[in-house]
Amino acid sequence: MNLDTLVGLLQLIPVQRAIIALAIAGGAFPIVGVWIIGLNIVPVRFAMMHVALLGIALGMLIQLEPTLVGLLLCGVTGVLLAPLAKRPAGLSGPMGLVMTMAIAAALLVLSLSGVNANGAFELLWGSILATRTIDVVILGIVATIIIVVYVVKKRDLALLLYDREVALCSGIAVEQLTMLLMFVIAVAIGAAVHLTGALLVDSVTILPAIAARNLGRSLQHMVWWAVGIGIVGNLLGFGLTLVLNQPPGPLLVITVGLITLATFLRKRA
Amino acid sequence: MTNATALHISNLVCRFGSTPVVDDVSLAIAPGEHVAIVGSNGSGKTTLLRAILGLHPIYAGQIVVDHVHAQSAADWRQRQQRIAWMPQRQASGQFPLLVHELLASSRNPTVAHDIASQLEVGMLADRPLHALSGGQLQRVFLARALGSIAGGAGLLLADEPTAALDFGGQAAVATVIAAQQVTVLVVTHDRTMASHCGRVIEMANGRAREVTP
Ligand SMILES: Nc1ncnc2c1ncn2[C@@H]1O[C@H](COP(=O)(O)OP(=O)(O)O)[C@@H](O)[C@H]1O
Ligand SMILES: [Mg+2]
């Protein structure tokens, strides 16, 4: 590809929107990834994807804006799951259950409502190149919430993610804080799936956080690393998409994935 | 000192699954008393301390701290604020926390930092906790607990606070804990530490009996 074609592509509105969306998501969503790793709930993203699908199906059934119902249901589920964090086994098990139940319920609702399942799936699996202005706005709002929660609660979060019981015995309102985190995590994943597609959820959340876990020596360091890798990795991956003329999902995940892989080498050194 | 806490445990039962690991324990501790809890591994010492903090569910009986039988979440939060805790097992996960971040969670961070320096772990403030040795970690947690006492906690629950320390460290920590003017409940296998305490309770198979010499 020559430079002129690339410049031409960059002038396309969908490409510009995609770049803005990726920069916003890459800059804030990795913080959620760090929380997910700290709370040890990596399966949360599969669970919430399916809860979002259920919400979309319900929205179609009762004829409310399906995307909003999906996000709302994610948030509510996150809050309802939070009290389980105090069990010694933590949240991992319930996540798997939620995922299975949500997909079953979603299929049931879709069948009852007589809507085409493909329609629901299309709403669920967004594509970064199909990003609309409203999507960018929603993304911006969710990103702002993530950053505000992190900045305001930084100290309590560091203790909670280190050890729930030490946090409890330090006078932190652990249950409320867990609920807040679960709410934001669930909504962020719902939003990310809808806006960028299922594959990209990992490239803006978990992957940068895993890399940061290898590089950072405190919560704050981890967050800086995760955000840096989130922005650079995703924009780089998107650049490759344009240059190589390939679909964005796989290349983005591979780019961020390779960066993450490299951090394991450095950790070993 | 008026700030020391009174502790009344009556007929306490705590279980893991259906196995009672604390079995009908009753214990009255007056404000300012220092009590050592001894006993073999698995006899229920840690579970007893965790139940006092509200970290292990109470199956039967009750624990009254300063005449309050905690019931609501707010009661428990208030109780946790009155207690300085040195856990036996540190950090469930692998998430990093810096030494100074932990010290900052003490009820009096300035005192916690000062004591950390006296205990020769002050220079480790910028290290993550998982990069400390067992003994260094125990000193940091002790500094944090003593800061909390300076900040108003009236009960120190220390779970094998000297287990990872060298001989010199064990003697030093025993002396520091003995000097506290609050109520102290310390689980220990260390004779020096036990000898500093006015009372000794031995636990076996979840049951407690007084063996004060
Ligand atoms: N997570 C757990 N699940 C089941 N049993 C446990 C668990 N933790 C401790 N126990 C059992 O509870 C009993 C008391 O443990 P603990 O209070 O830690 O003993 P101690 O502190 O006296 O060594 C032991 O028999 C132990 O095996
Ligand atoms: Mg123990």
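Conventions used here
Residues numbered from 1 in each chain as written. Chains lettered and ligands numbered in written order. Predicted model: local features only at pLDDT ≥ 70, side-chain atom pairs only at ≥ 80, totals over all residues. Heavy atoms only, no water. Helix = DSSP H or I, 4+ residues; strand = E, 2+ residues; numbered from the N terminus. Rg over C-alpha atoms; globule rule 2.2 N^0.38 Å. Donors = N, O, S within 2.8 Å, 3.2 Å for Na, K, Ca; no water. Buried < 20%, exposed > 50% of the residue type's maximum accessible area, 1.4 Å probe, protein only. Near = heavy atom within 4 Å. Polar contact = N/O pair within 3.5 Å; in protein donor to acceptor, adjacent residues only side chain to side chain. Areas by Shrake-Rupley, 256 points an atom, 1.4 Å probe, with all protein chains shown as cover. Nonpolar A, V, L, I, M, F, W, Y, C, P; charged D, E, K, R; others polar. Pairing = 2+ DSSP bridges. Contact = heavy atoms within 4.5 Å. Axes fitted to C-alpha atoms, helices over the stretch in contact; angles between N-to-C directions. Core = buried A, V, L, I, M, F, W, Y, C linked by side-chain atoms within 4.5 Å. Salt bridge = Lys/Arg side-chain N within 4 Å of Asp/Glu carboxyl O. Expected span 1.5 Å × (residues − 1). Phe/Tyr/Trp six-rings, centres within 6.5 Å; stacked < 30°, edge-to-face > 60°. Lys NZ or Arg CZ within 6 Å of the ring centre and 35° of its normal. Buried area = accessible area lost by both parts, 1.4 Å probe. pLDDT = per-residue confidence, 0-100.

A. Structural detail: the overall build of chain A. The secondary structure content of chain A amounts to 13 helices and zero strands. Beginning at the N terminus, the succession of helices and strands in chain A can be written as α-α-α-α-α-α-α-α-α-α-α-α-α. Against the 2.2 N^0.38 benchmark of 18 Å for 269 residues, chain A shows a C-alpha radius of gyration of 19 Å, consistent with a compact globule. The C-alpha extent of chain A, read off along each of the three principal axes, is 60 × 55 × 30 Å.

B. A look at the coordination of the magnesium ion (ligand 2). All names here are of chain B. Bound to the magnesium ion (ligand 2) on the protein side are Thr46 (OG1) and Gln88 (OE1), at distances that span 1.9 to 2.2 Å. Of this pair, threonine 46 sits in helix α1 (residues 45-53) while glutamine 88 is found in the loop between β6 (83-86) and α3 (99-104), placing the two residues 42 residues apart along the sequence. By relative accessible area, which is 23% here, threonine 46 ends up partly exposed.

C. Looking closely at the site of ligand 1. Residues and elements named next belong to chain B. All residues in the neighbourhood of ligand 1 are listed as Phe16, Val21, Ser40, Asn41, Gly42, Ser43, Gly44, Lys45, Thr46 and Thr47. The side chain of threonine 46 places a nitrogen or oxygen atom 2.7 Å from an oxygen atom of ligand 1. Here threonine 47 contributes a side-chain N or O atom positioned 2.6 Å from an oxygen atom of ligand 1. Relative to its unbound accessible surface of 560 Å², ligand 1 loses 57% to contact with the protein. Partitioned by chemical class, the residues of the shell around ligand 1 number two nonpolar, seven polar and one charged.

D. Seen up close, the sheet that holds strand β2 (residues 19-29) of chain B. Residues and elements named next belong to chain B. Across the sheet, four strands lie side by side as β2-β1-β4-β5; this open sheet has antiparallel pairing. In this open sheet, the two strands that pair with only one neighbour each are β2 and β5 (68-69). Pairing between strand β1 (residues 7-16) and β2: eight bridges, direction antiparallel. Across the sheet, the residue bridging to histidine 8 is alanine 28, located in β2. The sheet strands contacting α1 are β1, β2 and β4 (60-65), and the helix crosses β1 at an angle near 115 degrees.

E. Quick look at the nonpolar core. Counting residues in hydrophobic clusters, the biggest one holds 143 residues, and the most contacted among them are Phe29 and Trp35 of chain A together with Ile52 of chain B. When residues in this core are grouped by element, the largest group, 14 residues, is from helix α9 (residues 174-196) of chain A. Within the second largest apolar cluster, eight residues are counted, among which are Ile56, Ala57, Ala106 and Leu110 of chain A.

F. Looking closely at the sheet that holds strand β9 (residues 199-204) of chain B. All names here are of chain B. One open sheet accounts for six strands, arranged β6-β7-β8-β3-β9-β10; its pairing is mixed. A single partner strand is all that each edge strand has here, and the edge strands are β6 and β10 (207-210). Taking the axes of each pair of neighbouring strands and ignoring which way they run, one obtains an average angle of 20 degrees across the sheet. Bridge count between β9 and β10: four bridges; the pairing is antiparallel.

G. Fine view of the pattern of salt bridges. All names here are of chain B. Using the criterion set out here, one finds 10 salt bridges over all chains in the structure. Note that arginine 199 and glutamate 33 form a salt bridge whose closest N and O atoms lie 3.0 Å from each other. Note that arginine 199 is positioned in strand β9 and glutamate 33 in the loop between β2 and β3 (34-38), a separation of 166 residues in sequence. Its relative accessible area of 13% is what places arginine 199 among the buried residues. Arginine 209 serves as the salt-bridge partner of glutamate 202, at 3.0 Å between the closest nitrogen and oxygen. Note on glutamate 202: relative accessible area 28%, which makes it partly exposed.

H. Focus on helix α5 (residues 134-150) of chain B. The terminal C-alpha atoms of α5 of chain B, which comprises 17 residues, lie 24 Å apart, in line with the 24 Å expected from a rise of 1.5 Å per residue. Directly after α5 of chain B, the chain includes glycine 152 of chain B, whose backbone phi takes a positive value near 120 degrees.

I. Representation of the environment of valine 22 of chain B. Tracing the sequence through the fold places valine 22 of chain B in strand β2. Beyond its immediate sequence surroundings of up to four residues, valine 22 of chain B is in contact with Leu12, Val13, Cys14, Gly44, Thr47, Leu48 and Gly206 of chain B.

J. Local environment of the packing of aromatic side chains. Using the criterion set out here, one finds zero aromatic pairs over all chains in the structure. Taking the ring centre of tyrosine 59 of chain B as reference, the NZ or CZ of arginine 15 of chain B above it sits at 3.8 Å.

K. Just the interface of chain A and chain B, in detail. Opposite the 23 residues of chain A that make contact, chain B presents 26 residues. It is Tyr162, Cys169 and Arg217 of chain A in chain A that bury the most area against chain B; as a group they hold 34% of the surface buried on that side. If you look at where chain A meets chain B, you find one salt bridge. Of the charged contacts in the structure, one is a salt bridge between arginine 50 of chain B and glutamate 165 of chain A, with a shortest N-O distance of 2.6 Å. Looking at the side of chain A that touches chain B, the elements that each hand over two or more residues are α2 (13-39), α7 (133-162), α8 (164-168) and α12 (219-244) of chain A. For the side of chain A that touches chain B, the element with the most residues is α7 of chain A, which contributes five residues. Looking at the side of chain A that touches chain B residue by residue, the class counts come to 12 nonpolar, six polar and five charged.

L. Region of interest: the confidence of the model for chain B. Averaged over every residue, the pLDDT of chain B is 91; the share at 70 or more is 98%. Overall fold confidence for the complex sits at a pTM of 0.89, while the interface term, ipTM, reaches 0.90.

M. Focus on the environment of alanine 143 of chain B. Residues and elements named next belong to chain B. Summarising the element assignment, alanine 143 is placed in helix α5. Of the residues examined, alanine 143 reaches a relative accessible area of 0% and is grouped as buried. Placed 11 residues apart in sequence, alanine 143 and leucine 132 show a C-alpha to C-alpha distance of 15 Å. Those residues in contact with alanine 143, other than ones at most four positions away along the chain, are Leu103, Ala112, Ile115, Ala116 and Leu119.

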